[in-house]
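Structural characterization, general
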Amino acid sequence: MASAHRYAPVQYAALWVGAVFLLIGVLGFIPGVTTDYGAMEFASHESGAELLGLFQVSVLHNIVHLLFGVAGVATARRERSARPYLLVGGVVYLALSVYGVFIDLESAANFVPVNTADNWLHFVLGLGMVALGLVLPRRTGAV
């Protein structure tokens, strides 16, 4: 008799966060969903492409989303890796939002690139990921 594998809530959260990052990373490469697609740069504040006409993106920015997505899906397989993914990833996104606030958005320091909408999104994402990593309970019941 095969036993059903039951995942911890934190694993589901890492899986969903990872899946959303994968979706956003893919959408960033789709003309129409990404406005001014022809103005997309590899990595530069001069990238004129915007996901949903709001969030400035570049090839590098989209690749980062894809990598965070792959990491989320991969770490969701184990409870002991899902929680650190959410916590560390959340801190990275919080740091990115702070970075975006303090740099000159029109300078070469904005290589990702980010804009004000990205900064707010990264802040909310970071808070959400850290909160999920901290508050979600461990697995309950028998495996």
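The numbering scheme is per chain: residues are counted from 1 as the chain's sequence reads. Only residues with pLDDT of 70 or above have their local features reported here, since the model is predicted, and side-chain atom pairs are shown and tallied only from 80 upward, although totals for entire chains, interfaces and linings are computed over all residues. With hydrogens and water set aside, each side-chain value is computed from the structure's full complement of heavy atoms.

Next up on the list: the overall build of the protein chain. Only runs of H or I of at least four residues qualify as helices and only runs of E of at least two qualify as strands under DSSP, and these elements are numbered from the N terminus. Across its full length, the protein chain carries four helices and three strands. Along the protein chain, from the amino end to the carboxyl end, the secondary structure elements read α-β-β-β-α-α-α. Seen through its C-alpha atoms, the protein chain measures out along the principal axes to roughly 60 × 30 × 20 Å. Burial status follows relative accessibility: with a 1.4 Å probe on protein chains alone, a residue under 20% of its type maximum counts as buried, one over 50% as exposed, and anything between as partly exposed. A burial count over the protein chain gives 38% of its 143 residues as buried. In what follows, residue pairs with any heavy atoms lying within 4.5 Å of each other are defined as contacts. Residue pairs in contact within the protein chain that sit at least 24 positions apart in sequence constitute 64% of those at least 6 positions apart. Using the Shrake-Rupley algorithm and a 1.4 Å probe, accessible areas are obtained, with residue cover drawn only from the displayed protein chains. Of the accessible surface of the protein chain, which amounts to about 7900 Å², a share of 72% is contributed by carbon and sulfur atoms. Charged-residue counts in this description rest on Lys and Arg as positive and Asp and Glu as negative, His and the chain ends being excluded. Charge placement uses NZ in Lys and CZ in Arg. For Asp and Glu, CG and CD serve respectively. If you average the places of the 7 positive and of the 8 negative side-chain charges in the protein chain, the two averages end up 36 Å apart.

Strand pairing requires that DSSP identify at least two bridges connecting the strands. Spatially, the three strands line up as an open sheet ordered 1-2-3, and their pairing is antiparallel. Because the sheet does not close on itself, it has two edges, and the strands there are strand 1 (34-35) and strand 3 (55-56). Judged from the two bridges that link them, strand 1 and strand 2 (residues 50-51) form a sheet pairing that is antiparallel. For T35, the partnering residue across the bridge sits in strand 2 and is E50.

A few words on the nonpolar core. Core analysis: the largest hydrophobic core is formed by 14 residues, its most contacted members being V10, A14, V17, F21, Y85, L86 and M129. Elements supplying a minimum of two residues to this core: helix 1 (9-27) and helix 3 (79-102). The biggest single contributor to this core is helix 1, with five residues. Formed by six residues, the second largest nonpolar core is a distinct cluster that contains A49, F55, V57 and A117. Within this scheme, the nonpolar core is defined by two criteria: the residues are buried Ala, Val, Leu, Ile, Met, Phe, Trp, Tyr or Cys, and they are joined through side-chain atoms within 4.5 Å.

Right, let's get into helix 2 (residues 59-75). By definition here, a helix of n residues has an expected span of 1.5 Å times n minus one. Between the first and last C-alpha of helix 2 there are 24 Å, a value that for 17 residues agrees with the 24 Å anticipated at 1.5 Å per step. Considered for burial, the residues of helix 2 that qualify are H61, N62, H65, F68, G69, G72 and T75. All buried residues of helix 2 lie within an arc of 160° about the axis, which places them on one face of the element. Packing partners of the buried residues in helix 2 comprise helix 1, strand 3, helix 3 and helix 4 (116-135). Taken from the helix axis, the directions to the C-beta atoms give the arc we talk about.

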